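Coordinate inspection notes
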Amino acid sequence: MGIAENLKKGTSELLILYLLNSEDMYGYQIAHELKARSGEQFVMPEGSLYPTLYRLIDKGVISDRMEIVGKRLRKYYHLEPYGKEYLSIIQAEYDKINQGIQMVLSTTGDKVTE
């Protein structure tokens, strides 16, 4: 697995929950939104998307429901109240980690001494 794939795997739950915080979505719609909103930098194949969605269902942060759209049956995913709390928690953790990474990357390479 490459560097980009590892980074995407670590943020996929955060991004999916963030999208579902706005509206219920079906799988293809989630994948499409991730790709479009990221300028095609975050492409999530079905082989990664659906296991992540199932994990989120198992954690109780999202639920799913089947709906008939036209002649097709479509599964929509919904962010549950606990999911909103969970999203806040992982977003705060992501912000904290990202801030720390940016601090390291912005140093001049000088050794910090105590």
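In this report, we go over the structure that sits alongside the text. Keep in mind it's a predicted model, so treat the numbers as computed, not measured.

A look at the packing of aromatic side chains
Enumeration according to the criterion identifies three aromatic pairs in this entry. Centre to centre, the rings of Tyr-26 and Tyr-76 are 5.5 Å apart; their planes meet at 80 degrees, and the pair counts as edge-to-face. With Tyr-26 in strand E1 (residues 25-26) and Tyr-76 in strand E3 (residues 72-79), this pair connects stretches of sequence that are 50 residues apart. For the residue pair Tyr-26 and Tyr-76, the accessibility class agrees, reading buried in each case. On the basis of an interplanar angle of 40 degrees and a centroid distance of 6.3 Å, the ring pair of Tyr-50 and Tyr-54 is categorised as tilted. Of the two residues, Tyr-50 and Tyr-54 both sit in helix H3 (residues 46-59), four residues apart, roughly one turn of that helix. Classification of Tyr-50 as partly exposed rests on a relative accessible area of 22%.

Section: unusual backbone geometry
The backbone of Glu-40 sits at a positive phi, close to 65 degrees, despite the residue not being glycine. Mapped onto the elements, Glu-40 comes out in the loop between helix H2 (27-37) and H3. Exposure remark for Glu-40: the relative accessible area of 55% places this residue in the exposed category.

Criteria and thresholds
Residues numbered from 1 in each chain as written. Predicted model: local features only at pLDDT ≥ 70, side-chain atom pairs only at ≥ 80, totals over all residues. Heavy atoms only, no water. Phe/Tyr/Trp six-rings, centres within 6.5 Å; stacked < 30°, edge-to-face > 60°. Helix = DSSP H or I, 4+ residues; strand = E, 2+ residues; numbered from the N terminus. Buried < 20%, exposed > 50% of the residue type's maximum accessible area, 1.4 Å probe, protein only.

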